[in-house]
Structures are given as C-alpha cells and as structure tokens.
Amino acid sequence: MKITRRILNLESVIYISLTLIVFATIFLLQFVAFGFTVARVQNAVLENSRANAEQLAEQVDLYIAGIDHLSALLARDPLLTEVMAAPSPAAGDDRVELMRLRMQGYQESRNDISQILALAPDGSPMLSGDPEFLLNPATNIQRREWFRRSRTEPRDVHISSAYVHNLTEGNYDWVVSISRGVLSEEGLLGVLLVDLQFNHIRELCRSLVTGEKGYSFIIDRFGNYIYHPFQQLIYSDLKEEPVFRLVDLAYEEPGEYLRFEDRYYHVATSESSGWLMV
C-alpha cells in the first residue's frame, strides 16, 4: 500500500513538473515571439519614417525646381530686360504696363506666390505683380541677404530661410524668398524676387507623416525653422525639438535615426535648397 502511494505521489510530482515545464516553455516562446513582433513593428515604423523624409525631400525639390523655372523665365524675358535697361521707364509706358500685367498673371495663377517683384540694383522697386503694391517705408531691401547674394552672384538662384515678409506695406506673411539677378550683355540690371507662401509646403509636410502622432517639419542647416506644424508652440517655448542634433544627424549615414524623449527622428536633405526634412 505504501509503495503504491509513493508511486502515485511520484507520478503526481512528475505530472505537475511536466505541466509547469510545458506552461513555462509556452510562456517563454510567447514572450520571445512578442519581442520579435515588437521589434519588427518598430523597424517597420522607422523604415516608413525614413522613406517619408526622403520622399518629402524629393517633393520639395520638385516644387522648388518649378518655382526656379518660373523665376528663370521671368528673369530672361526680353521685355523685362528691355524695361529694366531703360534709363527711366515711365509708369505710362506700354512696355511697363505689359510687363506688369505679365507678372500679375504669373502671380495670380498660383495661390502659393505672395509677391513677384523686380528691383533696381539699388533695391528700389521697378515692377510688381501686385497692382496695389506699396513699399513699406520701414523696409531696407539692401540689407536683405537674398538681395545682396543676388547682386554678387546674379547667375545663381538664391533661396532664403523663412522670415516675415514686410516689403509690402500692411503685409506680414511668413514667406521664403527665391531670388536671382536680371542680366543683360552690359551686366546686372537688377534683382527678381519671388516670395512663396507656405500653403503648398504645409500640405506636403502634412501628407507625409508616420502614424497618428507623427509629423514632419523642415529646418535649414543652421537649425532655423522653415516650417513646423506647431510653429506657435515652438516660438512660445512650449515645445522643443533637438534641432542642432538633427543638423548633425544630416551628416550621418543614410538610415540613421535620433531618439529624443519619446520620439524618433529621421532626416533627409533637399538638394536644391539644402533644407533638412525631418
């Protein structure tokens, strides 16, 4: 009887032990599988983020190329060079009015252009695509970097950082300026300016995000913001981005990312503007 009880007790111990081992093995396998699943999901999210940053850079390059093409067409327009080369083009001159209407047509055909302006070498306005344009008397155009660079490097296109437009009296839009020199065989005739609003850039950034809480923004190589969906929070010091670490990240190997607090960042560089897509 005692032997039978010992055998039963031993069988119970073996059964319970094997059961515990099976459950432990199943739990361990599930835990490992869960870890692999989390890692795969995280890698997929990071890969999607990287691809979005690169696609945003490509889309911005295409957009800038289109504006650059429009700017080049205007700067090389024979009528514009003729008007700007004239000793003192009068407001009633048919050539002046025709060129002004041509610039107005370009400006009104696109909702992302804030201003098209032809400037003399001294910075004084000569022609505008806005028939109601009035120069802000507090503006010093000669101090603007885009104007100085367009004078010293007139054959190149120059893209500014974002700033508040105050050339036009009563207009304080947030813009990016694209400028270039207007040339003739004799030399520099002036500077052509195209100011861009942010509606198209904003839509590009909104269309390329990762997940429900993801967002995209743009900075330049000095850490200045070109566009951010939470711009007001940024400038109110209610939200922080590691901009200088992101500038450093732009020089790392493609695919590298930065983790800051609970966020992951990828960076891709726009070839035409040098801006960093984040």
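These figures come from a predicted structure and were not determined experimentally.

(A) Molecular detail of the overall build of the protein chain. What the protein chain contains, in helices and strands, is seven helices and twelve strands. Within the protein chain, buried positions represent 41% of all 278 residues. Partitioning the intrachain contacts of the protein chain with sequence separation of at least 6 by distance along the chain shows that 55% fall at a separation of at least 24.

(B) Region of interest: the nonpolar core. In this structure, V60, L127, I201, I218 and W275 are the most contacted members of the largest nonpolar core, which totals 41 residues. Looking at this core, the elements with two or more residues in it are α1 (2-75), α2 (78-85), α3 (94-108), β1 (113-119), β5 (174-184), β6 (187-196), α5 (199-207) and β8 (225-227). With ten residues, α1 is the single largest residue contributor to this core. Counting residues in each nonpolar core, the second largest holds 14 residues, with I234, V243, V247 and F260 among its members.

(C) Spatial organisation of the packing of aromatic side chains. Taken as a whole and judged by the stated rule, the model has seven aromatic pairs. Aromatic pair W146 and F147: ring centres 6.1 Å apart, planes at 90 degrees, arrangement edge-to-face. We classify W146 as buried; its relative accessible area is 5%. Residue F147 is classed as buried on the basis of its relative accessible area of 1%. Consider the rings of Y215 and F230, whose centres lie 5.3 Å apart with planes at 80 degrees: the pair is edge-to-face. Here Y215 is found in the loop between α5 and β7 (218-219), whereas its partner F230 is found in the loop between β8 and α6 (231-235), with 15 residues between them in sequence. Three or more aromatic residues joined by ring pairs make a cluster, and in this case those are W174, Y215, F217, Y225, F230 and Y235.

(D) Molecular detail of the environment of I219. With respect to the secondary-structure elements, I219 resides in strand β7. Owing to a relative accessible area of 0%, I219 belongs among the buried residues under this scheme. Linking I219 and V247, residues 28 residues apart in sequence, is a C-alpha distance of 8.5 Å. In contact with I219, not counting residues within four places along its chain, are N224, Y225, I226, V243, L246, V247, W275, L276 and V278.

Cut-off values and rules
- Residues numbered from 1 in each chain as written.
- Predicted model: local features only at pLDDT ≥ 70, side-chain atom pairs only at ≥ 80, totals over all residues.
- Heavy atoms only, no water.
- Helix = DSSP H or I, 4+ residues; strand = E, 2+ residues; numbered from the N terminus.
- Buried < 20%, exposed > 50% of the residue type's maximum accessible area, 1.4 Å probe, protein only.
- Contact = heavy atoms within 4.5 Å.
- Core = buried A, V, L, I, M, F, W, Y, C linked by side-chain atoms within 4.5 Å.
- Phe/Tyr/Trp six-rings, centres within 6.5 Å; stacked < 30°, edge-to-face > 60°.

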